[in-house]
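# Working through the structure, step by step
Listed below are the residues making up each chain.
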Amino acid sequence: MSATAIPGDPPGGRRALAVWGVGVSVYFVAVVFRTSLGVAGLDAADRFHVNASALSTFSILQLLVYAGMQIPVGLLVDRLGTKKVLALGAVLFTAGQLGFAFSPTYGTALASRALLGCGDALTFISVLRLGSRWFPARRGPMVAQFAGLVGMAGNLVSTLVLARLLHGIGWTAAFAGSAAAGAVVLVLVLLFLKDHPEGHEPEPLPHQGAAYVRRQIAASWREPGTRLGLWVHFTTQFPAMVFLLLWGLPFLVEAQGLSRAVAGELLTLVVLSNMVVGLVYGQLVARHHGARLPLALGTVGTTAALWAATLAYPGAHAPMWLLIVLCTVLGACGPASMIGFDFARPANPPERQGTASGITNMGGFVASMTTLFAIGVLLDATGDDYSLAFSVVFVLQAAGVSQILRLRRQAARRERERLVASRVETVHVPA
């Protein structure tokens, strides 16, 4: 299906790549910091002398802050522009990483992760908005998937580099040293980032206070595409997020009897699979718009089947080939979650892009936060029965799929109406 250029579309090109590269580097560092606890979970439990529930609180609080800020961040990006929001994000997540490095107690470490989550929350929506300002609309699916790809590269750095630093030079040096990357990207943003290319300035938004904010949120939420995007993001993202952010390493080591080194290799496989699948999904969605929902639901179904096979395996441990297949399939969760933005983006006008993206982005993080908490509580309640604890994944997947099936027809009908209206408008535009 060929894409038609939209009048007023940004031109893209090398300048767009350079500017967007600066923005996406901030997101890269934010993901490195966000996922650093995934390789340090067991170390954190020993350092702060906490159980599974308390350990999960680190990630839950971080994600609670992240999810709770998504709509405010979307409004901030729509109002202030990308540069100011990304710069503030870099300051906050760098301070959070430094604080985590030097935290002497569990309480101060929690506060540091909350600060990190606050800065992290400012990055992804800003990068999506930056891409929509610098690249043509037809590039939207690929730009979003590539942003996710860069994020997974940050996860890879956590898995491969930070894990080695942690066990080589120790907790404080590893976390404090990594915080230097935050200072570097802050300088890049201040020196080189621009909100939009010359000649493509957005229309100024009216300053109408709380009433205007409520209208922006309400208008975005009324669009079935926004709500469908949220539930697609909710249902697809969280299995891999939970696995990489905290519970994957303990599951592989304590429940499956693997060494830390082998478990780390499987976590790396999730990240590498994500990067490859992200490129494939981006191309498919860009060329075949109708592939969005089959890809999302197919990913959910395959993930559920592999988790069921792993958790219900009759032996003491699942075989290595099954764990490899599971981790490979988990790699598709991140790219599938990006499809949610491809439902929300065309459903909203440019002045609501940040708000709609913020609503969508809440989905997966609310699901991840809920699952992280539930697994921690169930592990403590059942004496570390991972099979029972991880079964909560199926509950959230079932809830999400039911909402996707409920909203898909409404969203498709609205999309057809917009397409017809745009064609009529194009016909009446004078040459």
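Residues numbered from 1 in each chain as written. Predicted model: local features only at pLDDT ≥ 70, side-chain atom pairs only at ≥ 80, totals over all residues. Heavy atoms only, no water.

Each helix and strand counted, the protein has 18 helices and zero strands in total. Relative to the compact-globule value of 22 Å for 431 residues, the protein shows a C-alpha radius of gyration of 21 Å, a close match. Projected onto its principal axes, the C-alpha coordinates of the protein cover approximately 70 × 45 × 40 Å. Looking at the 431 residues of the protein, the share that counts as buried comes to 56%. For the protein, the proportion of contacts with a sequence separation of at least 24, taken over those separated by at least 6, is 85%. For the protein, the accessible surface area stands at approximately 17300 Å², while carbon and sulfur atoms represent 68% of it. The averaged location of the 20 negative side-chain charges in the protein is 8 Å from the averaged location of its 31 positive side-chain charges. (Helix = DSSP H or I, 4+ residues; strand = E, 2+ residues; numbered from the N terminus. Rg over C-alpha atoms; globule rule 2.2 N^0.38 Å. Buried < 20%, exposed > 50% of the residue type's maximum accessible area, 1.4 Å probe, protein only. Contact = heavy atoms within 4.5 Å. Areas by Shrake-Rupley, 256 points an atom, 1.4 Å probe, with all protein chains shown as cover. Lys, Arg positive; Asp, Glu negative; His and termini not counted. Charge placed at Lys NZ, Arg CZ, Asp CG, Glu CD.)

Let us look at a nonpolar patch on the surface. Judged by side-chain polarity, Leu160, Val161, Leu165 and Ile169 come together as a nonpolar surface patch covering roughly 310 Å² of accessible area. Structurally, the position occupied by Val161 is in helix α7 (residues 140–169). Since its relative accessible area comes to 43%, Val161 is described here as partly exposed. (Patch = residues over 30% accessible without salt bridge, like charges linked within 9 Å, V, L, I, M, F, W, Y side chains within 5 Å. Salt bridge = Lys/Arg side-chain N within 4 Å of Asp/Glu carboxyl O.)

Here we take up the packing of aromatic side chains. Two measures describe an aromatic ring pair: the distance that separates the ring centres and the angle between the ring planes. Counted by the stated rule, this structure contains 23 aromatic pairs. Between Phe48 and Phe100, the ring centres sit 6.5 Å apart and the planes meet at 40°, which makes this aromatic pair tilted. Of this pair, Phe48 sits in helix α2 (residues 41–48) while Phe100 sits in helix α4 (residues 82–102), and the two are 52 residues apart along the sequence. Assigned by exposure class, Phe48 and Phe100 land together as buried. Judged by centre distance (5.8 Å) and plane angle (85°), the rings of Phe48 and Trp171 are edge-to-face. Here Phe48 is found in helix α2, whereas its partner Trp171 is found in helix α8 (residues 171–178), with 123 residues between them in sequence. For the pair formed by Phe48 and Trp171, the shared burial category is buried. In this structure an aromatic cluster arises from ring pairing among Phe48, Phe58, Phe100, Tyr106, Trp171 and Phe175. One residue, Arg113, lies across the ring of Phe100, its end atom 4.7 Å from the ring centre. (Phe/Tyr/Trp six-rings, centres within 6.5 Å; stacked < 30°, edge-to-face > 60°. Lys NZ or Arg CZ within 6 Å of the ring centre and 35° of its normal.)

Where the residue is not glycine, phi is negative for most of them; where a peptide bond is considered, it is trans in most cases. Phi at His49 is positive, roughly 55°, even though this residue is not glycine. Relative to the elements of secondary structure, His49 occurs in the loop between α2 and α3 (52–80). A positive phi angle, close to 65°, is found at Asp384, a residue other than glycine. For Asp384, the location among the structural elements is in the loop between α16 (353–382) and α17 (386–390). Assessed through its relative accessible area of 43%, Asp384 is described here as partly exposed.

Below, the discussion takes up the layout of surface pockets. By volume, the second largest pocket amounts to about 260 Å³. What lines the second largest pocket is a set of 13 residues, among which Thr159, Ala163, Arg260, Ala261 and Gly264 lie closest to the centre. Sorting the residues of the lining of the second largest pocket by element identifies α7 and α12 (260–287) as the ones contributing at least two each. Sorting elements by how many residues they give to the lining of the second largest pocket places α12 first, with six residues. Of the residues assigned to the lining of the second largest pocket, the class counts are six nonpolar, four polar and three charged. (1 Å grid on protein atoms, 1.4 Å probe; cavity = no way out; pocket = protein on both sides within 12 Å on 5 of 7 lines; lining within 4 Å. Points joined across faces, edges and corners; volume = space filled by probe spheres on them. Nonpolar A, V, L, I, M, F, W, Y, C, P; charged D, E, K, R; others polar.)

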